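Each chain is listed here by its residues.
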Amino acid sequence: MNERVKIMDGAVSPAPANMRKVFVKTYGCQMNVYDSQRMADALGADGYVETASLDDADMVLLNTCHIREKAAEKVYSELGRLRKLRDERQASGSDMLIGVAGCVAQAEGEEIIRRAPVVDFVIGPQTYHRLPQVVSRARRGDKVVETDYAIEDKFDKLPERDERQLRARGVTAFLTVQEGCDKFCTFCVVPYTRGAEVSRPVTQIVAEARKLAESGVREVTLLGQNVNAWHGEGPDGSEWGLGRLLRELAEIDGLDRLRYTTSHPRDMDEDLIAAHRDLGALMPYLHLPVQAGSDRILKAMNRKHTGDEYRRLVDRIRAARPDIALSGDFIDGFPGETDVDFEDTMRLIADIGYAQAFSFKYSPRPGTPGADLKDQVPEQVKNERLYRLQSLLGKQQADFMNGLIGKTISVLLEKPGREPGQIVGRSPWLQPAVCDENVGKIGDIVSVRITRTSANSLIADNRKVDTEA
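What counts and what doesn't
- Residues numbered from 1 in each chain as written.
- Predicted model: local features only at pLDDT ≥ 70, side-chain atom pairs only at ≥ 80, totals over all residues.
- Heavy atoms only, no water.
- Helix = DSSP H or I, 4+ residues; strand = E, 2+ residues; numbered from the N terminus.
- Rg over C-alpha atoms; globule rule 2.2 N^0.38 Å.
- Buried < 20%, exposed > 50% of the residue type's maximum accessible area, 1.4 Å probe, protein only.
- Lys, Arg positive; Asp, Glu negative; His and termini not counted.
- Charge placed at Lys NZ, Arg CZ, Asp CG, Glu CD.
- Pairing = 2+ DSSP bridges.
- Axes fitted to C-alpha atoms, helices over the stretch in contact; angles between N-to-C directions.
- Salt bridge = Lys/Arg side-chain N within 4 Å of Asp/Glu carboxyl O.
- Phe/Tyr/Trp six-rings, centres within 6.5 Å; stacked < 30°, edge-to-face > 60°.
- Lys NZ or Arg CZ within 6 Å of the ring centre and 35° of its normal.
- Core = buried A, V, L, I, M, F, W, Y, C linked by side-chain atoms within 4.5 Å.
- Contact = heavy atoms within 4.5 Å.
- Nonpolar A, V, L, I, M, F, W, Y, C, P; charged D, E, K, R; others polar.
- Right-handed = clockwise from strand over helix to strand, strands pointing away.
- Parallel < 35°, antiparallel > 145°, perpendicular 65-115°, else oblique.
- Disulfide = S-S within 2.5 Å.

Peer 1: Before we go on, may I ask you to explain the overall build of the protein in this structure?
Peer 2: Each helix and strand counted, the protein has 15 helices and 22 strands in total. The globule rule puts the C-alpha radius of gyration for 469 residues at 23 Å, and the 23 Å found for the protein is close to it. Taking all 469 residues of the protein together, 57% fall into the buried category. Positive and negative side-chain charges in the protein, numbering 65 and 72 respectively, have mean positions lying 3 Å apart.

See the structure below:
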C-alpha cells in the first residue's frame with residue numbers, strides 16, 4: 001500500500017443510546033481503513049455500534065500500521081493516554097475495553113500486553129473475523145492474543161455489510177481483493193505482518209461490489225498489498241487476472257468509477273494495461289511504485305526490475321491510455337546508496353513525470369533484511385537528498401495541476417467543503433476539487449471548469465458545465 005501514515009476516524013452513524021459503542025482509530029493506508037470498517041461490521045454482530053466520540057466509547061480499538069518508523073512506539077504512547085482515560089472511567093464506576101489490531105499487533109503480539117497491561121486483547125489483520133469471540137473472552141477478564149494466521153477465509157466469516165452503515169460512509173469505498181505479498185523487498189515488513197499473497201474469489205468480490213453500488217457507492221478502489229498480483233478463482237473455476245475482474249466490475253449498474261492500489265511493476269500484465277485502454281470506468285490514475293532509479297539499489301532492494309524496464313512499462317501504459325497520471329513511492333538513503341545512485345533516481349523522476357508521489361528517508365524495519373545491511377547512509381545526507389527529491393516531485397505535481405487550469409473535467413462530488421457554500425469532489429486523477437455547492441449534490445458526477453489551484457486542490461468555476469448520468 002501507499003507508504004503513508006495517517007490517523008483516520010471514519011464516518012459513523014449516530015449510535016443508539018442503549019447499545020455498546022466502539023471507537024475505532026485507524027492508522028496507515030487505505031487497506032487499514034477498509035479493515036477498520038470490516039471490524040466494525042464484525043462487532044455489529046456482537047451488539048456494538050461505532051461512535052465518533054472517545055468519551056462515550058465502551059471499547060477503543062486501535063487499528064495499527066507498521067510501515068513507518070517508530071510505529072510501535074506511537075501505539076504505546078497512545079495506549080498510555082488511554083490508560084489514564086480508563087483509570088478515570090473506573091474511578092467513576094464504569095469501564096471500557098481496549099484492543100490493538102493491525103500490523104503492529106501482528107508484529108508485537110504478547111509484547112503489547114506485557115508492555116501495556118491496560119490492553120485487553122490483541123488481534124492480527126488475518127484474524128479479525130474472530131473479533132466477536134475475542135471480545136467476549138476479554139469481557140470475561142481474559143487477556144487475549146489472536147495473531148495466528150487463520151486457516152479459514154476470513155471474508156467468508158464476516159457478516160454481510162449493513163446498508164445503512166455503508167450509506168453513512170459515503171459515495172466512495174475501498175474493497176480489499178488481495179492481501180499479503182510474496183515479493184520480499186528488503187526494506188518492507190509487509191510479508192512478515194500480512195503473510196503470503198492471497199486472492200479473494202471473483203464471486204465474493206462482485207457480491208460485495210454490488211452491495212456497495214446498491215448502497216449508493218459510485219466509486220470503488222480495489223485494495224491489495226500487491227493488488228495487481230491478484231489472481232482469483234472465477235465462477236467457472238478458472239483463474240482470472242485483475243484486468244478481467246475490472247471488466248466484470250465495470251458492468252455493475254451504478255458503479256461508475258474504478259481504481260486500484262498498490263501495484264508492483266512486475267505484475268503489470270498486458271491485459272491489465274489493455275483494461276486502462278478499454279474501460280471508461282477505470283480512472284486514468286495509477287500508483288506504480290518504483291522506489292529508486294539506480295539498478296544497483298533496485299537489486300539491493302530485491303525489486304526484480306531495472307530502471308529502464310520501468311521506463312518501458314510506463315511507455316506501454318501511456319500508449320494505451322495517453323491521459324493517465326502516475327503516482328509513485330521513493331525511498332532515499334537506502335544502505336549503500338551513493339551520490340551516483342541518487343542521481344539515477346532523480347533522472348528517472350525527470351524522465352517519467354509524476355502527478356503525485358510519496359517519498360521517504362530509509363529507516364530500518366526490525367526483522368527485514370535491510371535492517372542488517374552495512375553502509376547505512378548518514379542522516380544528514382538522507383535529509384539533503386530528501387529535500388531535493390521532494391522539491392522535484394513537488395514541482396511535477398504543481399505542473400500537472402496547473403496544466404488542468406482552464407480545462408473542463410468530471411468530478412465526483414463527495415462531501416461538503418470547509419467553507420459555507422462549498423462542495424468537494426474528486427477528479428479522475430484523484431485530486432480534491434473544490435466546487436460551488438450549486439453544481440450538484442453529493443453522489444453526482446458533474447463536469448466543471450478548473451479556474452485555479454491551491455497547494456493540493458483544484459478550484460472550480462461556480463457553474464456546472466454538464467452533468468453525467
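Now that the structure has been shown, the text picks up again.
Peer 1: Honestly, the sheet that holds strand 17 (residues 356-361) in this entry has me stumped. Any pointers?
Peer 2: Note: strands within a sheet are paired through backbone hydrogen bonds, in either parallel or antiparallel orientation. In spatial order, the strands read 15-16-17; together these three strands make up an open sheet with parallel pairing. For this open sheet the edge positions go to strand 15 (285-287) and strand 17, each flanked by a neighbour on one side alone. Across the sheet, the mean angle from the axis of one strand to that of its neighbour is 10 degrees, orientation sign disregarded.

Peer 1: Could you clarify how one ought to interpret the pattern of salt bridges in this entry?
Peer 2: Oppositely charged side chains can pair when the atoms bearing their charge come close. For the coordinates displayed, the defined rule picks out 38 salt bridges. A salt bridge links Glu 208 to Arg 200; the shortest N-O distance between them is 3.0 Å. Classification of Arg 200 by relative accessible area gives buried; the value is 5%. Here Arg 259 and Glu 219 are joined by a salt bridge, their closest N and O atoms 3.1 Å apart. Separated by 40 residues along the polypeptide, Arg 259 in strand 14 (residues 257-261) and Glu 219 in strand 11 (residues 219-223) bring together distant segments of the chain. Glu 219 carries the same exposure label as Arg 259, and that label is buried. Look at the salt bridges and you will find they share partners, linking Arg 86, Asp 95, Asp 120 and Lys 143 into a network.

Peer 1: Before we go on, may I ask you to explain the packing of aromatic side chains in this structure?
Peer 2: In this description, an aromatic ring pair is defined by two values, namely the gap between the centres and the angle between the planes. Applying the stated rule across the entire model yields four aromatic pairs. Here the guanidinium or amino end of Arg 20 rests over the ring plane of Tyr 48, the centre of that ring lying 4.8 Å away. Above the plane of the ring of Tyr 76 lies Arg 115, whose end atom (NZ or CZ) is 3.8 Å from the centre.

Peer 1: What am I meant to see in the nonpolar core here?
Peer 2: Among soluble globular proteins, nonpolar side chains are generally buried collectively. Counting 51 residues, the largest nonpolar core has Leu 222, Tyr 260 and Tyr 354 as its most contacted members. Excluding its chain neighbours within four sequence positions, the residues that come into contact with Leu 222 are Leu 175, Val 177, Val 227, Leu 242, Leu 245, Leu 246, Leu 249, Arg 259, Tyr 260 and Thr 261. Counting residues in hydrophobic clusters, the runner-up holds 24 residues, among them Ala 71, Leu 85, Val 104 and Ala 105.

Peer 1: Where do I start with the packing of helix 11 (residues 270-278) against helix 13 (residues 307-320) in this structure?
Peer 2: Helices that pack against each other are described as a pair by the angle of their axes relative to one another and the distance between those axes. Direction vectors running N to C along helix 11 and helix 13 enclose 35 degrees, while the axes themselves pass 8 Å from each other. Residues Glu 270, Ile 273 and Arg 277 of helix 11 lie in contact with helix 13, whose contacting residues are Leu 313, Arg 316, Ile 317 and Ala 320. Partitioning the contact of helix 11 with helix 13 into residue classes produces four nonpolar, no polar and three charged.

Peer 1: Is there a simple way to explain the pairing of strand 14 in this structure?
Peer 2: Burial runs high along strand 14: five of the five residues are buried. Both faces of strand 14 are covered, namely the face carrying Arg 257, Arg 259 and Thr 261 and the face carrying Leu 258 and Tyr 260.

Peer 1: So what exactly am I meant to see when it comes to the environment of Phe 121 here?
Peer 2: On the secondary structure map, Phe 121 appears in strand 6 (residues 121-123). Once the C-alpha coordinates of Phe 121 and Ser 263 are considered, the two residues, 142 residues apart in sequence, prove to be 33 Å apart. Apart from residues lying up to four places away in sequence, Phe 121 is in contact with Met 59, Leu 61, Ile 98, Gly 99, Val 100, Leu 131, Val 134, Val 135, Ala 138 and Val 144.

Peer 1: Is there a simple way to think about the sheet that holds strand 14 in this case?
Peer 2: Taken together, three strands build an open sheet; the order of strands is 8-11-14 and the sheet is parallel. One side of each edge strand has no neighbouring strand; the edge strands of this open sheet are strand 8 (172-176) and strand 14. Here the average twist between neighbouring strands, direction ignored, is 25 degrees. Across five bridges, the pairing between strand 8 and strand 11 is parallel. Bridging from a neighbouring strand, Thr 172 pairs with Glu 219 of strand 11.

Peer 1: Help me understand the pairing of strand 16 (residues 325-332), please; the structure alone is not making it clear to me.
Peer 2: For a regular strand, the rule is simple: side chains alternate between the two faces of the sheet. With eight of eight residues buried, strand 16 lies mostly within the body of the structure. Where burial is concerned, the two faces of strand 16 agree: the one with Ala 325, Ser 327, Asp 329 and Ile 331 and the one with Leu 326, Gly 328, Phe 330 and Asp 332 are both buried. With three bridges joining them, strand 15 and strand 16 adopt parallel strand pairing. The residue bridging Tyr 285 from the neighbouring strand is Ala 325, located in strand 16. By the bridge criterion, six bridges tie strand 16 to strand 17 in an arrangement that is parallel. Within strand 17, the residue paired with Ile 331 across the bridge is Phe 360. Remark: the strand 16/helix 14 (residues 339-352)/strand 17 crossover connection has right-handed handedness.

Peer 1: Explanation requested: the packing of helix 14 against helix 15 (residues 379-402) in the structure shown.
Peer 2: Taken N-terminus to C-terminus, the directions of helix 14 and helix 15 make an angle of 5 degrees; their axes are 10 Å apart at the nearest point. One finds that helix 14 runs roughly parallel with respect to helix 15. Residues Asp 339, Phe 342, Glu 343, Thr 345, Met 346, Ile 349 and Ala 350 of helix 14 form the contact with helix 15, whose own contacting residues are Arg 385, Arg 388, Leu 389, Leu 392, Leu 393 and Gln 396. Tallied by class, the residues present in the contact of helix 14 with helix 15 amount to seven nonpolar, two polar and four charged.

Peer 1: Would you mind showing me how to read the state of the cysteines here?
Peer 2: Each disulfide is one covalent bond, formed between the sulfur atoms of two cysteines. Enumeration over the complete set of coordinates arrives at zero disulfides. With no disulfide of its own, Cys 185 has Cys 188 as its nearest cysteine by sulfur position, at a separation of 6.2 Å. Given the relative accessible area of 8%, Cys 185 is considered buried.

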